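One letter stands for each residue in the lines below.
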Amino acid sequence: MLDTNLLRTTLDDTAKKLDARGFSLEKKYFVKLINERGLIRTETQNLEETRNKISRKIGQLSMAGDESGQEEAKSLKSKMKGLHKELSEIKARLDIIEHELQVFLEQIPNLPHSTVPTGNENKEVRNWEIKKIATPLNFAIKDHVSIGEDLGLLDFSTATKISGARFSLMVDGLARLHRALGQFMLDTHTQEHGYTETYVPYLVNADSLYGTGQLPKFEEDLFKIDQKKNDSVENKNEKGSQEENFYLIPTAEVPLINTARNEIFSLDSLPVKLTALTPCFRSEAGSYGKDTRGLIRQHQFEKVELVQLVHPEKSYDALEQLIGHAEKILQKLELPYRVVLLSSKDMGFAAAKTYDIEVWLPAQNTYREISSCSNCEAFQARRMKARFRNESGKTELLHTLNGSGLAVGRCLVAILENYQNSDGSVSIPKVLHPYMGGITQLSAKK
RNA sequence: GGAGAGAUGGCCGAGUGGUCGAAGGCGCUCCCCUGCUAAGGGAGUAUAGGCCUUAUAAGCUUAUCGAGGGUUCGAAUCCCUCUCUCUCCGCCA
């Protein structure tokens, strides 16, 4: 959510920035709402003030207990009737307008940072291709699906039987490699990059998703669990049956960032750096036909998430560090990648600036996204009232950052394809050997 | 799932219809006193808004005592619904 003060004072400029994101701001509507709210709010508060004063007077009079006082109290009470009517009417109007303003504000995306390229041309900022250049694959390259299936370690048809499309089943060495990857990433981030390992809920409430910006705009991307309470009673008590909704997390960013919701951090507790390895669930509505083959786009996948809650002045330094932490994983795995600065049209809703890391997939002869690291500035913090006490003791909104470090499933794809051998086997990257219990190569399952 | 008890400021805890945003204590901050292994005294110490102001401070003011609704001239206090926490029983990884 954007700062209403900023919107008000720099409306044209803000609208222009939003334009770069492909979002057109209804300026007139906003001005109308904000002015109307101001007037009605002042009026409401004046009425409330009058009400409170009269009430206090009545209290004093009835405490005093003398007769003329009682008379006066009576007349004051009758006077209150009209005031009440007026107040309830104006409060109803205020509720409506505040709701309209809220709805208006919560669908506006974040403003792009000044360094973000305008338009839809992403910009490569660096690449790391040592292995790609040093050891080219001089044989018929297979994609990860063929590699996995030929080895008997990857089984989509059984996964389809169990669940449906966009699910996968891995067995034996591949399942272990998958587990090893997650452990390796977590260990690296906790031991070398200073993140605190966190175990989080995979089901979250609507407030949390609102805080990070998935709701209300992107509900169709989420898996929702409707839980009817008192279902068995079957409307015996109508008031008692109430819905409680959970959503499956689309990323650990949601629970991790929401640890800060409605909190005020002390200055010396910053930065907060959290990491978690979790499954992520995405409905992938509207992505029919895209990436239908393989592990690239699944309803369920594992991801190690990195989150930082930082002082606003340090958030862009933190972003550079964060992307470095994610890159480190690929470097250790010796997987070729490049870093791309997303353009204004390509960024996510809550982000002010985003770097994607794209890993080299030889079978597709292209780079594919494996990590996305964003600085959301105060956009999420404002939605969820995540604050800290600044140098002068005042509360101020935090800046929030998140990034994948990395998507485990896609990383597995990259290893299968980049580490494949001409005989169909797959070598295990050296850093993972300690996690593989002596296995250094994936071969056909007996 | 059954039975009961609760939810108040950073923490503990008082407050059952009026001047209560809220006693007292702890903690914390600042000041003073004292000057050795400590203690004492004073002041301050929720959040988000609005008005005023060039702006800050001050001042005035609105909302918030788990959440929402209701009763009332007036609600932390009474009523209803929900959420959460705790205790006991049952069940369970």
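Residues numbered from 1 in each chain as written. Chains lettered and ligands numbered in written order. Predicted model: local features only at pLDDT ≥ 70, side-chain atom pairs only at ≥ 80, totals over all residues. Heavy atoms only, no water.

Focus on the overall build of chain A
Heads up, the rule is: A run of H or I in DSSP becomes a helix once it reaches four residues, and a run of E becomes a strand once it reaches two; helices and strands are each numbered from the N terminus. Throughout, radius of gyration means the C-alpha value; the globule benchmark is 2.2 Å times the number of residues raised to the power 0.38. Exposure is judged per residue with a 1.4 Å probe applied to protein chains only, and the accessible area is read against the type maximum: over 50% gives exposed, under 20% gives buried, and values in between give partly exposed. In what follows, a contact means two residues having at least one pair of non-hydrogen atoms within 4.5 Å. The charged-residue count follows a simple rule in which Lys and Arg add positive charge and Asp and Glu add negative charge, with His and chain termini not counted at all. Charged groups are reduced to one reference atom each: NZ for lysine, CZ for arginine, CG for aspartic acid, CD for glutamic acid.
Scanning chain A from terminus to terminus reveals 13 helices and 16 strands. Against the 2.2 N^0.38 benchmark of 22 Å for 446 residues, chain A shows a C-alpha radius of gyration of 28 Å, more extended than a compact globule. In terms of its C-alpha atoms, chain A occupies a principal-axis envelope of roughly 105 × 55 × 40 Å. Taking all 446 residues of chain A together, the buried fraction comes to 47%. Once local pairs closer than 6 in sequence are excluded, the contacts in chain A between residues at least 24 apart make up 73%. Where the 59 positive side-chain charges of chain A centre and where its 61 negative ones centre are 1 Å apart.

Comments concerning the packing of helix H2 (residues 11-20) against helix H3 (residues 27-64)
A packed helix pair is summarised by two numbers, namely the angle formed by the two axes and the spacing between the axes. What counts is decided by this rule: Fitted lines through C-alpha atoms serve as axes, helices being fitted only where they are in contact, and the angles separating the N-to-C directions of these axes extend from 0 to 180 degrees. By definition in this entry, angles of less than 35 degrees are roughly parallel, angles greater than 145 are roughly antiparallel, angles of 65 to 115 are roughly perpendicular, and the rest are oblique. Here is the rule for handedness: rotate from the far helix to the near one, and if that takes an anticlockwise turn smaller than a right angle the crossing is left-handed, while a clockwise turn gives right-handed. We call Asp, Glu, Lys and Arg charged. Ala, Val, Leu, Ile, Met, Phe, Trp, Tyr, Cys and Pro are nonpolar, and the rest, Gly among them, are polar.
Viewed as axis vectors pointing N to C, H2 and H3 meet at an angle of 135°, and their least axial separation amounts to 11 Å. When the axis of H2 is compared with that of H3, the two are oblique. As for how H2 packs across H3, the hand of that crossing is right-handed. Here H2 contributes Leu11, Asp12 and Ala15 to the contact with H3, which in turn contributes Lys27, Phe30 and Val31. Of the residues assigned to the contact of H2 with H3, the class counts are four nonpolar, no polar and two charged.

Side note on the confidence of the model for chain A
Put simply, the test is: Known as pLDDT, the predictor's confidence for each residue is given on a scale from 0 to 100.
Chain-level pLDDT for chain A is 90 on average; 95% of the residues reach the 70-or-more range. Segment residues 229-242 is flagged for pLDDT under 50; beyond a separation of four residues in sequence, or across chains, it makes eight contacts in the model. Scored by ipTM, the complex comes to 0.86, with pTM at 0.92.

Topic: the packing of aromatic side chains
We count it as follows: By convention, a stacked pair of Phe, Tyr or Trp rings (six-membered ring in the case of Trp) has centres within 6.5 Å and planes under 30 degrees apart, an edge-to-face pair has planes over 60 apart, and any other such pair is tilted. Only when the NZ of Lys or the CZ of Arg is both within 6 Å of the ring centre and within 35 degrees of the ring normal is a charge said to sit over the ring.
Tallying each qualifying case throughout the model produces eight aromatic pairs. Relative to tyrosine 367, the ring of tryptophan 360 lies with its centre 5.0 Å away and its plane at 65°, an arrangement referred to as edge-to-face. Judged by relative accessible area, which is 11%, tryptophan 360 ranks as buried. One aromatic cluster is present, formed by Tyr29, Phe30 and Phe104 through successive ring pairs. Over the ring of tyrosine 195 we find lysine 273; its NZ or CZ atom is 5.0 Å from the centre of that ring. Arginine 383 extends its terminal NZ or CZ atom over the ring of tyrosine 210, reaching a point 4.6 Å from the ring centre.

Re unusual backbone geometry
The peptide bond linking leucine 215 to proline 216 adopts the cis configuration, its omega dihedral lying at 0°. Within the secondary structure, proline 216 is located in the loop between helix H9 (206-212) and strand E4 (224-228). Residue glycine 405 is joined to leucine 406 through a cis peptide bond whose omega torsion reads 10°. The backbone phi angle of asparagine 365 is positive, close to 50°, even though this residue is not glycine. Mapping asparagine 365 onto the fold places it in the loop between strand E10 (353-361) and strand E11 (366-375). The backbone of glutamate 377 shows a phi angle near 45°, a positive value even though the residue is not glycine. Looking at the secondary structure, you find glutamate 377 in the loop between E11 and helix H12 (379-384).

Some points on the pattern of salt bridges
To keep it simple, the criterion reads: We define a salt bridge as a side-chain nitrogen of Lys or Arg found within 4 Å of a carboxyl oxygen belonging to Asp or Glu.
A complete count under the given rule lists 17 salt bridges for this structure. Note that glutamate 124 and arginine 338 form a salt bridge whose closest N and O atoms lie 3.3 Å from each other. You can see glutamate 124 sitting in strand E1 (residues 123-128) and its partner arginine 338 sitting in strand E9 (residues 337-341), a full 214 residues away along the chain. Note that lysine 224 and glutamate 219 form a salt bridge whose closest N and O atoms lie 3.2 Å from each other. A relative accessible area of 39% means that lysine 224 is categorised as partly exposed. The class for glutamate 219 is partly exposed, based on a relative accessible area of 30%. It is possible to trace a salt-bridge network through shared partners that takes in Glu284, Asp291, Arg297 and Arg368.

Digging into the sheet that holds strand E14 (residues 399-407)
Test applied: Whether two strands pair comes down to DSSP finding at least two bridges between them.
Pairing is mixed across the open sheet formed by eight strands, whose spatial order is E1-E9-E10-E11-E14-E8-E7-E2. Edge positions in the open sheet fall to E1 and strand E2 (196-197), since each of these has one partner strand only. Strands E1, strand E7 (272-281), strand E8 (300-310), E9, E10, E11 and E14 of the sheet are contacted by helix H11 (residues 315-333), whose axis makes an angle of about 5° with E14.

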